[in-house]
Amino acid sequence: MDNWCVEMPLKNILNDQSGWIDFILSKIALIIASVIIISATFQLAADFKDMGPEHELGILALDFKSNVDNPGSDTFDYGIRRTYSFDTEKYGPETGFYNVNAAISGEYVEITATAHGGRQIHAVKPLMLKVLPFNESTLRYELKDEYGHNGTIEDLITSDYLTVAGFLSQKSADKVMLNTSTGVFIQKTIIYVETDNGVYDLEYTLVYQ
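Quantities reported herein were computed from a predicted structural model and do not represent experimental measurements. (Residues numbered from 1 in each chain as written. Predicted model: local features only at pLDDT ≥ 70, side-chain atom pairs only at ≥ 80, totals over all residues. Heavy atoms only, no water.)

1. Topic: the sheet that holds strand β3 (residues 108-115)
Okay, so step 1: Strand order across the open sheet formed by 4 strands is β4-β3-β2-β7, with antiparallel pairing between neighbours. Each of the sheet's edge strands pairs with one partner strand only, and the pair in question is β4 (120-126) and β7 (176-178). With direction set aside, neighbouring strand axes in the sheet form an average angle of 25°.
Okay, so step 2: Relative to β4, β3 runs antiparallel, the two being bridged by 7 bridges. The partner of T114 across the bridge, within β4, is Q120. (Pairing = 2+ DSSP bridges. Helix = DSSP H or I, 4+ residues; strand = E, 2+ residues; numbered from the N terminus. Axes fitted to C-alpha atoms, helices over the stretch in contact; angles between N-to-C directions.)

2. Quick word on unusual backbone geometry
Okay, so step 1: The residue N99 is not glycine, and still its phi comes out positive at about 55°.
Okay, so step 2: Within the fold, N99 resides in strand β2 (residues 97-104).

3. Describing the pairing of strand β9 (residues 198-208)
Okay, so step 1: Of the strand pairs in this sheet, strand β5 (residues 131-132) and β9 are connected by 2 bridges, and their pairing is parallel. Bridge pairing in β9 links V131 to T205.
Okay, so step 2: By the bridge criterion, 11 bridges tie strand β8 (residues 184-195) to β9 in an arrangement that is antiparallel. Looking at the pairing, I190 lines up with E203 of β9.
Okay, so step 3: The hairpin formed by β8 and β9 contains 2 residues between the paired strands.

4. Remarks on the side chain of T205
Okay, so step 1: Examined against the element boundaries, T205 turns out to sit in strand β9.
Okay, so step 2: Leaving out residues up to four positions away in the same chain, T205 has contacts with V68, P71, L129, K130, V131, L132, I186, Q187 and K188. (Contact = heavy atoms within 4.5 Å.)

5. Comments concerning the packing of aromatic side chains
Okay, so step 1: Scanning all chains against the criterion turns up 6 aromatic pairs.
Okay, so step 2: Ring plane angle 90° and centroid distance 5.1 Å describe the contact between Y84 and F86, whose orientation is recorded as edge-to-face. Considered together, Y84 and F86 belong to a single accessibility category, that of buried residues.
Okay, so step 3: Ring centres of Y161 and Y200 lie 4.4 Å apart, and the angle between their planes is 20°; this geometry places the pair in the stacked category. Placement of Y161 in helix α3 (residues 161-171) and of Y200 in strand β9 is noted, with a sequence separation of 39 residues between them.
Okay, so step 4: Among the residues examined, Y161 registers a relative accessible area of 28% and is labelled partly exposed.
Okay, so step 5: Every member of this aromatic cluster is reached through a ring pair, and the members are F64, Y84 and F86.
Okay, so step 6: Residue placement shows R81 over the ring face of F185; its charged tip is 3.9 Å from the ring centre. (Phe/Tyr/Trp six-rings, centres within 6.5 Å; stacked < 30°, edge-to-face > 60°. Buried < 20%, exposed > 50% of the residue type's maximum accessible area, 1.4 Å probe, protein only. Lys NZ or Arg CZ within 6 Å of the ring centre and 35° of its normal.)

Next up, the structure:
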């Protein structure tokens, strides 16, 4: 029987210059892609490393905020003064940040620090409760000066309670710097306002040094 199969010509890659060019170009493309992936991996790792101090500072800010918000609970008695410590001695260049500073306003707490290379970092946390960044004496003086009464149960303020709340909101709008090397006092207080509809009590948290 005759062999009817037709022998196909073999392609000799050694003599095919276009084949070698395609092969080399594909290898170069793979090398470039590998370099890009490796660079991106190192950059991502560096970014995560840079985020470390910010994350730790955020935890410190959240801890401070939680202690300020805590007096809103029923277990925190009025007039009882508690102390919060930033414990800044445990932070130094070897921990990722140092030179810790703190501030508070009626709306937020802010923690700032210096990271590696002198880079300034900060963390801000909003407050859940009504906060006044001054002590009881200052509070009563401001109320007495504005309304002629200090807002205690013995000396009620005669006004619309929303007006009183707005006045105190303005007084606490600016942030107050705190000394992180000493304790911060946190205390819950009440302001009594007498209106045509009865007596209202406004609860505030005082934060001061």
